[in-house]
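This is what each chain is made of:
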Amino acid sequence: MKSFLIATTALLGGTLAAQAEGQLNLFNWGNYTSPEMIEKFTAETGITVTITDYDSNTTALAKVEAGGSGFDLVVPSANYVPIFVAKGLLAELDHSRLSNIGNVAPEWVNVPWDEGRTHTVPWLWGTTAVAVNTADYSGDINTSDIFLDPPAELIGKVNVVPEMSDVMALAIFNVGGEACTEDLDVLRKVRDKLMAAKPSWLSMDYGTTDKLSSGDYAASVNWNGSTMRARLNNPTVAYGYPVEGYPLWMDSVGLLADAKNVDEAYQFLDFVMIPENAAMISSFARYANGIAGSAPFMPEEMKTAPEIVVPAEFVSAGKFLPTCPQSATELYTAIWTELVK
């Protein structure tokens, strides 16, 4: 993981508009935070933001749970929010300090993973499916067999992102199972399929956008926004929606229970719920957000992009992943540990 600092100061009429009055430490997925939005936040508040990247929910959870991280905010996916809450890692939000909480779109308020938004506010949402360079493979890409049983043209050119819950869900759906299944017959099929497929993969890497753009990867399990960014660089990249089923997700920002910079964190949470600012995050990462009124500020190409607007025939195959019971998570972790050896 890497850390980087983004800070700007604005000069208005020869006077300093914002002095560095505070610090904020954001723990977020890599390549997922708009530099333009951070610059605007710093210019308006004087708060310097340090961003530390992670590549999976499990990485984020382990780091926060270990304690002493120094982070103030974290951005877990929907099925991980209840885990953070149950472990006492997220503080309950004081909505009286969030003047923009009413900007959360109605469909993203009473969500199963955070009813009433007591612990998080929306960041971005999207899908996990498969990206394929159609210059390398011209067959059907709307199947998870792209990585679970790669066609000859893709062998040795496939990447798999290191997010256990997404990859396991795609594999479980592929063999006809349901999310969070503890059916041992299903999980044996999943394990065998993943282990048989792995020799056909090139890598298990988070940084897919650049390598899909350059052609280093011919295919990847990938997220929709990352794939759109790659397609804008390389028009032969396409996004496939597995008919067997694929995960939907939303990432949300939560205040860590041991945060030191609480006032600064509340300012940031309120800031990202302003429609124009939410659109900045979307414009950078190329995912939809959960803030009402942000649509007019969104790039035109996102309003019709096939990676953002799911084709009608594949909508029903998308499923939000529930938070699995610990017993199921232990089974998945055993398979995952064997896979990533």
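Here, the structure is the one placed above.
Colleague: Before we go on, may I ask you to explain the layout of surface pockets in this structure?
Modeller: One water molecule sets the probe size; rolling that probe over the atoms shows where empty space is left. For the largest pocket, the calculated volume is near 480 Å³. Forming the walls of the largest pocket are 26 residues, and the residues nearest its centre are Trp29, Gly30, Tyr54, Tyr206 and Trp223. Sorting the residues of the lining of the largest pocket by element identifies strand S5 (47-54), helix H5 (164-174), helix H7 (208-214), helix H8 (224-233) and strand S14 (246-255) as the ones contributing at least two each. When grouped by side-chain class, the residues that make up the lining of the largest pocket number eight nonpolar, ten polar and eight charged. Lining the second largest pocket are 15 residues, with Ala288, Asn289, Ser294, Ala295 and Met298 positioned closest to its centre. Looking at side-chain class alone, the lining of the second largest pocket contains nine nonpolar, four polar and two charged residues.

Colleague: Mind showing me how you'd approach the pattern of salt bridges here?
Modeller: Side-chain pairs of opposite charge can arise whenever the charged atoms involved come near each other. Taken as a whole and assessed by the stated rule, the structure comprises eleven salt bridges. In this structure, the salt-bridge partner of Asp205 is Lys211, at a minimum N-O distance of 3.5 Å. Between Lys303 and Glu300 there is a salt bridge, with the nearest N and O atoms lying 2.9 Å from each other. Residue classification places Lys303 among the partly exposed positions, given a relative accessible area of 38%.

Colleague: Mind showing me how you'd approach the pairing of strand S12 (residues 219-223) here?
Modeller: On a regular strand, each side chain points to the face opposite its neighbour's, so the side chains alternate between the two faces of the sheet. Of all five residues in S12, five are buried; the element is thus mostly enclosed. Because side chains alternate across S12, one face comprises the buried residues Ala219, Val221 and Trp223, and the other comprises Ser220 and Asn222, equally buried. Across five bridges, strand S9 (residues 120-133) lies against S12 in antiparallel orientation. Bridged to Val130 within S12 is Val221. Judged from the two bridges that link them, strand S10 (residues 158-159) and S12 form a sheet pairing that is parallel. Counterpart to Val158 in the pairing with S12 is Ala219.

Colleague: Where do I start with empty space enclosed by the protein in this structure?
Modeller: Considering all chains together, one arrives at one cavity of 30 Å³ or more under this definition. The computed volume of the largest cavity comes to approximately 190 Å³. Forming the boundary of the largest cavity are 16 residues, of which Asn79, Ser165, Pro322, Cys324 and Tyr332 lie nearest the centre. If you list the elements that add at least two residues to the lining of the largest cavity, you get H5 and helix H11 (326-339). No other element matches the five residues that H5 contributes to the lining of the largest cavity. Its residues assigned to classes, the lining of the largest cavity comprises twelve nonpolar, four polar and no charged.

The rules behind these values
- Residues numbered from 1 in each chain as written.
- Predicted model: local features only at pLDDT ≥ 70, side-chain atom pairs only at ≥ 80, totals over all residues.
- Heavy atoms only, no water.
- 1 Å grid on protein atoms, 1.4 Å probe; cavity = no way out; pocket = protein on both sides within 12 Å on 5 of 7 lines; lining within 4 Å.
- Points joined across faces, edges and corners; volume = space filled by probe spheres on them.
- Helix = DSSP H or I, 4+ residues; strand = E, 2+ residues; numbered from the N terminus.
- Nonpolar A, V, L, I, M, F, W, Y, C, P; charged D, E, K, R; others polar.
- Salt bridge = Lys/Arg side-chain N within 4 Å of Asp/Glu carboxyl O.
- Buried < 20%, exposed > 50% of the residue type's maximum accessible area, 1.4 Å probe, protein only.
- Pairing = 2+ DSSP bridges.

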